[in-house]
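# Understanding the architecture of this molecule
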Amino acid sequence: MLTIRNLEAYYGAIQALKGVSLHILPEEIVCLIGANGAGKSTLLRAISGLVLLVKGEISLDGVSLVGRSPEEIVALGISQAAEGRQIFAPLTVLENLELGAYQRFHKEGRRQITQEIERIFELFPVLQERRAQPAGTLSGGEQQMLVISRALMSKPKLLLLDEPSMGLAPIVAKEIFQFIRDLRESGTTILLVEQNAKMALSLADRGYVLETGKIILEGETAELLQNREVKRAYLGKGRKGFLEE
């Protein structure tokens, strides 16, 4: 589905990604782990068309994404739930969800969009309870649910999740990861960037380890969980944030 070959990305003169190659198959969850500053979020931004200075190839189902606008990339089937719960705080929960489907309105009409929103409310009953409430008044966990749900409203082939558990209490993070598991069961293909390496590796099919802009390890997640270097760097004692269940 998604293929990335020899990707380089720059912020001005600074090279953030250095020859990254990876692939994602349909209905897979692939996780990307690494320390802060490794380039994880930059990779998601490059896929979404938000990083302009790139070299290499990014393609979805054989269609190149390089040089396309973020709007075109969403239309082709990629949607991102950004880091930091970037909601439209003054708008209601319902209005945030409707904005997630803005490209679909002229194609499918309000009736189909309304049906999709009701499906979201079935997945997240708390959002239905808050549908008329300003999004900025939601709790952190509820805002994260809304961000993911808004991304789903474009009916993506590939969903990009950037640090979905960031800043959440452990019990709320568990709820978010359970929802991601449910998405997996429904056939949603996901690229997951996550600081909680243990939880991410336990959830995904395959994983990549990114370090200073380069992929240094890749493989089935069961193998990575047993890898001595991964254990030392990301699963060992004393690494705050990586051991929450």
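In short, a report on the structure. Fair warning: this is a prediction, and the values are worked out from it, not measured in the lab. (Residues numbered from 1 in each chain as written. Predicted model: local features only at pLDDT ≥ 70, side-chain atom pairs only at ≥ 80, totals over all residues. Heavy atoms only, no water.)

## Things to note about the environment of V209
Which entries qualify depends on this criterion: Only DSSP runs of H or I reaching four residues or more are called helices, and only runs of E reaching two or more are called strands; each is numbered from the N terminus. Residue contacts are counted whenever heavy atoms from the two residues lie within 4.5 Å of one another.
Within the element layout of this structure, V209 appears in strand β9 (residues 206-211). It is 9.2 Å that separates the C-alpha atoms of V209 and G219, two residues lying 10 residues apart in sequence. Once you skip the residues sitting within four places of it in the chain, V209 turns out to touch I33, K214, I215, I216, L217, V230 and Y234.

## Concerning unusual backbone geometry
The condition that has to hold: The buried label goes to any residue with under 20% of its type's maximum accessible area, the exposed label to any with over 50%, and the partly exposed label to all in between, with areas taken from a 1.4 Å probe on protein chains only.
In the Ramachandran plot, D61 falls in the positive-phi region, its phi being about 50 degrees despite a non-glycine side chain. Relative to the assigned elements, D61 resides in the loop between β4 (53-60) and β5 (63-64). A positive phi angle, near 55 degrees, is found at K155, a position not held by glycine. Within the secondary structure, K155 is located in the loop between α6 (140-152) and β7 (158-162). K155 sits in the partly exposed class, given a relative accessible area of 45%.

## Description of the layout of surface pockets
Defined as follows: Using a grid of 1 Å spacing that covers the protein atoms alone, one calls a set of points a cavity when a 1.4 Å probe fits there but cannot get out, and a pocket when the set is open and has protein on both sides within 12 Å along at least five of seven lines; lining residues are those with an atom within 4 Å of a point. Grid points are joined across faces, edges and corners, and a volume is the space filled by probe spheres set on the points. Three classes are used: nonpolar for Ala, Val, Leu, Ile, Met, Phe, Trp, Tyr, Cys and Pro, charged for Asp, Glu, Lys and Arg, and polar for all others, with Gly counted as polar.
Taken as a whole, the largest pocket encloses approximately 710 Å³ of empty space. Taken together, 25 residues form the lining of the largest pocket, with V74, S79, Q80, A82 and R150 sitting closest to its centre. Those elements giving two or more residues to the lining of the largest pocket turn out to be α1 (40-47), α2 (70-76), β6 (78-81), α3 (93-100) and α6. Per-class residue counts for the lining of the largest pocket are 13 nonpolar, 7 polar and 5 charged.

## Here we look at the sheet that holds β4
Counted only if it meets this: Any two strands with at least two DSSP-identified bridges between them are counted as paired.
Spatial strand order, β2-β1-β4-β5: 4 strands in an open sheet with antiparallel pairing. Two strands bound the open sheet, and with one partner strand each, they are β2 (14-24) and β5. Looking at chain direction, strand β1 (residues 2-11) and β2 are connected through 8 bridges and run antiparallel. For T3, the partnering residue across the bridge sits in β2 and is H23.

## Some details on empty space enclosed by the protein
Here the structure, examined in full by the defined rule, presents 1 cavity of 30 Å³ or more. For the largest cavity, the calculated volume is near 30 Å³. Taken together, V209, E211, I216, L217, E229, V230, R232, A233 and Y234 form the lining of the largest cavity. Element by element, the count of residues in the lining of the largest cavity is highest for helix α10 (residues 228-235), at 5 residues. A breakdown of the residues in the lining of the largest cavity according to their chemical character gives 6 nonpolar, no polar and 3 charged.

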